[in-house]
Amino acid sequence: MPAVYAALAGLAFYPVPPLAEHRLLTCACADSINQTWFLGWTAHALSAGVNPLLTTSMYFPSGINVLSNVSMMALGLLFAPVSLTVGPVAAFNLAMRLAFALSGTSMFLVLRWWRFSWIPAALAGLIYAFSPFMIGQGTGHLHMTFAPIPPLIVFFLERGLTGRWSPRRSGLLLGALAVIEFFISVEVVTTLI
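A. Structural view of the packing of aromatic side chains. For the coordinates displayed, the defined rule picks out twelve aromatic pairs. On the numbers, 5.0 Å between centres and 35° between planes, the contact of Trp113 with Phe155 is tilted. Note that Trp113 is positioned in helix H5 (residues 88-113) and Phe155 in helix H9 (residues 149-161), a separation of 42 residues in sequence. On the basis of relative accessibility, which here comes to 45%, the residue Trp113 falls in the partly exposed class. Classification of Phe155 by relative accessible area gives buried; the value is 5%.

Written as structure tokens, this is what we have:
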């Protein structure tokens, strides 16, 4: 199913190639440009050895607190190799496609772990990845569409609450996932809590 979700995500953003350097797959408007900048900023800050949490590169001379913005630092770190080699536009284009594919795959795998048969799990993954919310946010809100973590949080919560895993194990995993989600999207982690 991951290949099907990836193919559908690729078709959704056709004809822009996944690693296009000079064309965003969505509009080149405020949100897409802003998020592309943040993807590049994280990679730049880490490679240059500067503080990734504060910058005067935006809103000079006062600068900004990166965490009080939609900085997606976890995605910036994950896609840093692409940002540093091909550029942040290519990183955004690739990340947006992977957002749909990985979100659907995550839902599919969680349902398979819960012993749902293959077809209902595949359909649920498809619905989760390509729901009206995801399609609507896919016009340029990477932080909202990159959502493979929420199904995993529900899965680990279920494991802990039913006693299948120890409270410590599930609590540590839930905490780690919440931190990762915080550095992807504060809005999504807030709705999960």
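B. Representation of the nonpolar core. Among the nonpolar cores identified, the biggest contains 30 residues, and Leu39, Leu75, Phe92, Met96, Leu142 and Phe146 are the most heavily contacted of them. Going through the elements one at a time, H5, H9 and helix H10 (167-182) are the ones with two or more residues in this core. By residue number, the principal contributor to this core is H5, which donates eight residues.

C. A look at H5. When the terminal C-alpha atoms of H5 are compared, their 35 Å separation across 26 residues agrees well with the 38 Å that a helix rising 1.5 Å per residue should span. The axis of H5 is deflected most strongly, by about 25°, at Leu98. Positive backbone phi, at 70°, marks Arg115, one or two positions downstream of H5.

About the criteria used
- Residues numbered from 1 in each chain as written.
- Predicted model: local features only at pLDDT ≥ 70, side-chain atom pairs only at ≥ 80, totals over all residues.
- Heavy atoms only, no water.
- Phe/Tyr/Trp six-rings, centres within 6.5 Å; stacked < 30°, edge-to-face > 60°.
- Helix = DSSP H or I, 4+ residues; strand = E, 2+ residues; numbered from the N terminus.
- Buried < 20%, exposed > 50% of the residue type's maximum accessible area, 1.4 Å probe, protein only.
- Core = buried A, V, L, I, M, F, W, Y, C linked by side-chain atoms within 4.5 Å.
- Expected span 1.5 Å × (residues − 1).
- Bend = angle between axes of the 7 residues up to and from the residue.

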